[in-house]
Amino acid sequence: MEVWETFEERFDTDIAYRRPGYLFLTRDEDTAERFEENVRKQNEVGVDSTLLAPAEATELCPELYEEDFVAASYSPSDGFADPHLALQGFSMAADESGVDIRTKTEAVDIVRDARGRVTAVETGETTLDADYVVNAAGPWAAEVAELAGVNLPISPKRRQLMVADPDTAVDGSVPFTIDQDRGVHFRPERNGSVVCGGHFNEADPDMSPDGFSKQVSLDWSAQVIEELSDVAGYFGPETAVKEGWAGLYSVTPDHHPIIEETIPGLVVVAGFSGHGFMQSPAAGQLVAEIIVDGSTSLIDISSLTSDRFERGIRLEEGTVID
């Protein structure tokens, strides 16, 4: 969060960073108890989240159907930014630092020496010698790992988002609002429109990162609007879809990333399950510490190794937006 808050100053790039907060909603008493526990844990580590009654939540989201919910949690310090602008800022800074960025360059093999240490990457055009190779390939991470003879439990899963014009314009101060039970969410965009989406526990097959539909499904779009019409009065029969797109999450079995030196010379930082952009500044620092120092000081990453799945361990988090 410190990086996002100072990004424009550090990288001379405006990433449209806004912080209206995140508002989680539930209709279920059991989930409300989980919200309470989440808030308690968050407060213990300095996060200023609060448990709210539905009536209090309407002060943040005025069109909310408060009578349909039993509890909410709100964190005012949460926000969002434009990942494309952030990528541009990171890329320009890397270029200015002398980094050789090669776009549209396929890695076709990862070379290991007789001791099994990774020493180079083959691109088809040349061999790039390396003391370390970092696999930050997102949906392609499992395929890249296979080039080094490594199996990673990371699956590419298709997710959809759209921009809609609701019947009633949504003010920019309204939080990112999530109905935890229905699996839908929306947040304010420009000129009263919203970015919205949802995941409805339908069939969720692995996708090929090199061949999947980037178009949103009409049935999915209709279901998102229908579900949101039960969340808040912004959404009704005049709500119109402006545009939509689909992309891939790189998903692990417990929806938490793998960060480790998997084999000597190969560092993996992948499987963020939709959280990669927001956690990328810390993830980048952890990778640097692994390579330069041989261990991490920012946080303890011992629970994020890939062998946790072989040992039957899955990390649990109370509230996850899928």
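All values reported here derive from a predicted model rather than from experimental measurement. For every chain, the first residue of the written sequence is number 1, and numbering continues from 1 onward in sequence order. Since the coordinates come from a predicted model, pLDDT governs what is reported: local features require at least 70, and pairs of side-chain atoms require 80 or more to be given and counted, while whole-chain, interface and lining totals use all residues. As a rule here, side-chain values cover all heavy atoms of the structure and leave hydrogens and water aside.

**A few points about the domain arrangement of the chain**
Here is step 1: Residue ranges assigned to the domains are those given by an automatic or database domain assignment. In terms of domains, the chain is made up of domain 1 (21-78 + 156-251) and domain 2 (102-154 + 254-311).
Here is step 2: Computed from C-alpha coordinates alone, the two centres of domain 1 and domain 2 are separated by 31 Å.
Here is step 3: We call two residues in contact when some of their heavy atoms are within 4.5 Å. Listed by partner, the interface residues are eight residues for domain 1 and twelve residues for domain 2.
Here is step 4: Approximately 840 Å² of surface area, both sides summed, lies buried where domain 1 meets domain 2, with 58% of it carried by carbon and sulfur atoms.
Here is step 5: In terms of surface lost to domain 2, no three residues of domain 1 exceed Pro209, Ser250 and Val251, which account for 61% of the buried area on that side.
Here is step 6: Basic side-chain nitrogens of Lys or Arg form a salt bridge, by our definition, when they fall within 4 Å of a carboxyl oxygen of Asp or Glu. Between domain 1 and domain 2 we count zero salt bridges in total.
Here is step 7: Definition of a polar contact: a pair of N or O atoms within 3.5 Å, with one able to donate and the other able to accept a hydrogen when the atoms are protein atoms, and with sequence-neighbouring residues admitted only if both atoms are side-chain atoms. In this assembly, domain 1 and domain 2 are joined by four residue pairs in polar contact (both at pLDDT 80 or more).
Here is step 8: Secondary structure counts use DSSP, requiring at least four H or I residues in a row for a helix and at least two E residues in a row for a strand, with both numbered from the N terminus. If one sorts the elements of the side of domain 1 that touches domain 2 by residue count, strand β12 (residues 240-251) sits on top with four residues. What gets called buried area is simply the loss in accessible area from a 1.4 Å probe that two parts show on being joined, summed for both.

**Brief notes about helix α7 (residues 218-228)**
Here is step 1: Only protein chains enter the calculation, and the probe is 1.4 Å; a residue is then buried if its accessible area is under 20% of its type maximum, exposed if over 50%, and partly exposed in between. When we look at burial in α7, the residues that qualify are Trp220, Ser221, Val224, Ile225, Glu227 and Leu228. Relative to the axis of α7, the buried residues are bounded by an arc of 165 degrees and lie together on one face. Pointing more than 90 degrees away from the buried face of α7 are the exposed residues Leu218, Asp219 and Glu226.
Here is step 2: In the core, the buried residues of α7 are packed alongside β8 (155-165), β10 (184-188), β11 (194-198) and β12.
Here is step 3: The backbone nitrogen of Asp219 has a side-chain oxygen 3.2 Å away, supplied by the residue at the start of α7, namely Ser217. The arc under discussion is defined with respect to the helix axis, by the directions toward the C-beta atoms.

**Quick notes on the side chain of Glu260**
Here is step 1: Within the secondary structure layout, Glu260 lies in strand β13 (residues 258-263).
Here is step 2: Arg308 provides the closest opposite charge to the buried, salt-bridge-free Glu260, at an N-O distance of 7.0 Å.
Here is step 3: In this structure the side chain of Glu260 is engaged in a polar contact, spanning 2.7 Å, whose partner is the side chain of Thr262.
Here is step 4: If sequence neighbours within four positions are ignored, Glu260 has contacts with Leu266, Val267, Val268, Ile290, Thr305 and Ser306. Asp and Glu count as negative and Lys and Arg as positive, but His and the ends of the chain are not part of the count.

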